[in-house]
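# Topology and contacts: notes
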Amino acid sequence: MNINWYPGHMKKTRESIQKSLTMVDIVFELIDARIPASSQNPVIDSIVGEKPRVIILNKSDLANSHGNKIWQEYFLGKNISSVCLDALSGKGIDRLLEISYDLTDEKRKAYEKRGVISRPTRAMILGIPNVGKSTLINSLSGRKGAKTGNKPGVTKSNQWIKTKGNLELLDTPGILWPKFEDPDVGLNLAFTGAIKDEILDIETLALRLVERLTNYFPNLLNNRYNIEIEGKSYLEIMEEIGRRRGCIIKGGEIDYTKVSNIVLDEFRKGVIGNITLEFPKE
Ligand code: GDP
């Protein structure tokens, strides 16, 4: 679904999220492990403020394990706890619950002093569209629930979902706007499907992905499609993939739309390989 983020929407989103934040002890900030910087909301720090926060590198099953490690170290250097997660399988959830328990320890002790024992930790999930918020809510709660619509901000219901680890999760996540000033960030978001083929037509987008993969992960491209890359232009590589995959139309021409869809789809599913597309700049 397309979302158009206007200044007015952003302001409203921010306000409704900040209102919800007053009800929780901790924030689970979801980002995409393949593009941790690009998938972060530009003003997340000022939205979350001093509230305890865990950065969740979600879809870490699709990213590179070396990349996952580097990003965790990077966030540690900034004094922010992070955890690698696969929200689909639930891998990493136990670690998330542990971190969440530790980060809310002070508050729990303050409650215990006042005689409130075993008060659940209240959490809310924040993240840009398609980063896996609904999947994580379903995984934590064990429900098969419907997808939370990608409407800006927080939907009104504000129910608490009890999960394991004595956690209470706000049932509707805060949907944040992505970065959109930097064209490279836009490309990363489009490659991973965070913004659905909105910024470029599918053929140009796939060609840019082939360019990126050729330059940084030539072996993966090679292995997946069994093609020779040396000395070829990006377009020639794309055509080669097309021929390998039988993307041919009448007259022997390459079906560019078909091969573009294949490359993008296979990248997004992780079948080309475990790929982290960006690393910390510092
Ligand atoms: P939301 O818009 O943030 O609520 O995102 P969704 O929960 O709808 O997830 C978007 C897509 O990413 C869906 O197709 C999910 O199946 C997929 N997804 C979510 N989390 C993961 C994950 O950890 N690993 C993988 N491989 N896919 C995931």
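Under the annotation held in an unreviewed UniProt entry, the protein carries the name Ribosome biogenesis GTPase A and is attributed to Tissierella carlieri. UniProt's Sequence similarities (unreviewed entry) comment on the protein is quoted here verbatim: "Belongs to the TRAFAC class YlqF/YawG GTPase family. MTG1 subfamily." Looking at the Function (unreviewed entry) heading of the UniProt record, one finds this comment for the protein: "Required for a late step of 50S ribosomal subunit assembly. Has GTPase activity."

Looking now at helix H4 (residues 93-103). Buried residues of H4: Ile93, Leu96, Leu97 and Ser100, and no others. Viewed end-on, H4 has its buried residues packed into an arc of 95 degrees, placing them on one side of the element. The outward face of H4, more than 90 degrees from its buried face, is lined by the exposed residues Asp94, Glu98 and Asp102.

Bringing the nonpolar core into the picture now. One finds Leu30, Ile56, Leu57, Leu85, Leu209, Val210 and Val263 to be the most contacted residues of the largest nonpolar core, which totals 62 residues. Viewed by domain, this core spans two of them, domain 1 (7-175) and domain 2 (200-269), each represented by three or more residues.

All right, on to the site of the ligand then. Not every one of the 19 residues close to the ligand is listed here, only the nearest: Ala87, Gly132, Lys133, Ser134 and Thr135. Examining the composition of the shell around the ligand, we find that 3 residues originate from one element, helix H6 (residues 133-141), more than from any other. Looking at the shell around the ligand residue by residue, the classes come out as 6 nonpolar, 8 polar and 5 charged.

In this structure, asparagine 166 is a non-glycine residue whose phi angle is positive, near 50 degrees. Relative to the elements of secondary structure, asparagine 166 occurs in the loop between strand S5 (160-163) and strand S6 (167-170). Phi angles above zero are rare outside glycine, and asparagine 226 is one such case at about 55 degrees. The residue asparagine 226 is located in the loop between helix H9 (218-225) and helix H10 (234-244) in this model.

Now for the pairing of strand S4 (residues 121-127). Among the 7 residues in S4, 6 count as buried, and that is most of the element. Alignment of strand S1 (residues 26-32) against S4, held across 4 bridges, turns out to be parallel. Bridged to phenylalanine 28 within S4 is isoleucine 125. Taken together, the 3 bridges between S4 and S6 define a ladder with parallel strand orientation. Among the inter-strand pairings, threonine 121 is bridged to a residue of S6, identified as leucine 167. Bridge count for S4 against strand S7 (residues 174-175) is 2 bridges, and the pairing is parallel. Considered in S7, the bridge of glycine 127 is made with isoleucine 175.

Reading the values: the criteria
- Residues numbered from 1 in each chain as written.
- Predicted model: local features only at pLDDT ≥ 70, side-chain atom pairs only at ≥ 80, totals over all residues.
- UniProt positions renumbered as here; feature names shortened; annotations may be inferred.
- Buried ≥ 20, exposed ≤ 12 C-beta atoms within 10 Å, placed from the backbone.
- Helix = DSSP H or I, 4+ residues; strand = E, 2+ residues; numbered from the N terminus.
- Arc of directions from axis to C-beta.
- Core = buried A, V, L, I, M, F, W, Y, C linked by C-beta atoms within 7 Å.
- Domains from an automatic or database assignment.
- Near = placed C-beta within 6 Å.
- Nonpolar A, V, L, I, M, F, W, Y, C, P; charged D, E, K, R; others polar.
- Pairing = 2+ DSSP bridges.

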